[in-house]
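# Residue-level structural notes
What follows is the residue order along each chain.
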Amino acid sequence: MQRANASCTRCDADLEDVDHIFRQCPDSRSLWLHFRRSLPSLDNHISFDAWFLGLLRHRECTLGVAVLWWMWRWRNHRAFDGNHWTLNQILRNILRDVALWKKVMLHQPAHHSISATSSTPSITTGTVRLTTDGSWDPLLNQMGCAAVLWAGNGDWQSAISTSAGPGSAFLAEIAALELGLKHALDLRISILECYSDCLHMVTMLQSGSDTSTYWARDNITRIRSMMARF
Ligand SMILES: [Zn+2]
């Protein structure tokens, strides 16, 4: 373990060693807690080295490394540039990087999801806005899907992203909307507005459209069924 002489630039603790930067500093702990459902706990009873080795063997090690990477960048940004990124900015960057890294790494069909939810308790009250985005890499034939929930005042509330295996650009948009709707239902949101930049999907979802012979009719039916629950 390397030790630094300076105190912590974020919380003024006397010693900012590697364990403090990643496991003890309150900012780092609050960031880690956003992913507590997916990542191992910040076990203080074992050394940092042992804990880090365990993280590398964890099924969500990609997420864990992304969180540590952004903890480090967050700390440096504050220490050297004097600015303070918001937690929402960090969370968005982590989710974006993990989706990107998994898409690049995956050469076989697989499904990996990660999510993060704000601690703000307003998630189930009032109108919530859902924005979704799907992407498809034609070289790897892999889809990536992401969905973000926003409160009425514009605050980020929750986000989820997943790799969705082979498909197409349009199927990725559909899968992203399905992912977001399911996430909203899991969080017991009752009033939801959906936004997508995929006009074709919006047209297909309009109630007047006949999709009985459409190749993606099963997806459309599932989405309509979920939308009816809001
Ligand atoms: Zn600190």
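Residues numbered from 1 in each chain as written. Predicted model: local features only at pLDDT ≥ 70, side-chain atom pairs only at ≥ 80, totals over all residues.

### A word on the nonpolar core
Using the following cut-off: As used here, a nonpolar core is made of buried Ala, Val, Leu, Ile, Met, Phe, Trp, Tyr and Cys residues. They are joined through C-beta atoms within 7 Å. Think of it as a crowd count around each C-beta: if 20 or more other C-beta atoms lie within 10 Å the residue is buried, if 12 or fewer it is exposed, and in between it is partly exposed, with C-beta placed from the backbone throughout. Counting from the N terminus, the helices are the DSSP runs of H or I reaching at least four residues and the strands are the DSSP runs of E reaching at least two. Once C-beta atoms have been placed from the backbone, residue pairs whose C-beta atoms lie within 7 Å are recorded as contacts.
Grouped together as the largest cluster of nonpolar side chains are 43 residues, with contacts concentrated most on Val 67, Ile 94, Cys 145, Ala 147, Ala 172, Ala 175 and Ala 176. Elements with a minimum of two residues in this core: helix H1 (18-24), helix H4 (61-81), helix H5 (87-105), strand E2 (127-137), strand E3 (142-150), strand E4 (156-164), helix H6 (169-186) and helix H7 (199-205). Here this core takes 9 residues from H6, the largest share from any one element. Beyond its immediate sequence surroundings of up to four residues, Ala 176 is in contact with Thr 132, Asp 133, Gly 134, Cys 145, Ala 146 and Ala 147.

### Overview of unusual backbone geometry
With phi around 70°, Asp 12 is a residue other than glycine that occupies positive phi space. Checked against the element boundaries, Asp 12 lands in the segment before H1. Given 8 C-beta atoms within a 10 Å radius, Asp 12 is considered exposed. Even without glycine at this site, Arg 188 takes up a positive phi of about 60°. By secondary structure assignment, the location of Arg 188 is in the loop between H6 and strand E5 (191-195). On the basis of neighbour count, Arg 188 is assigned to the exposed category, with 8 C-beta atoms found within 10 Å.

### Concerning the confidence of the model for the protein chain
Heads up, the rule is: Per-residue confidence from the predictor is given as pLDDT, running between 0 and 100.
Overall, the prediction assigns the protein chain a mean pLDDT of 82, with 88% of residues at 70 or greater. Per-element confidence in the protein chain ranges from a low mean pLDDT of 62 for strand E1 (residues 111-117) to a high of 93 for H1.

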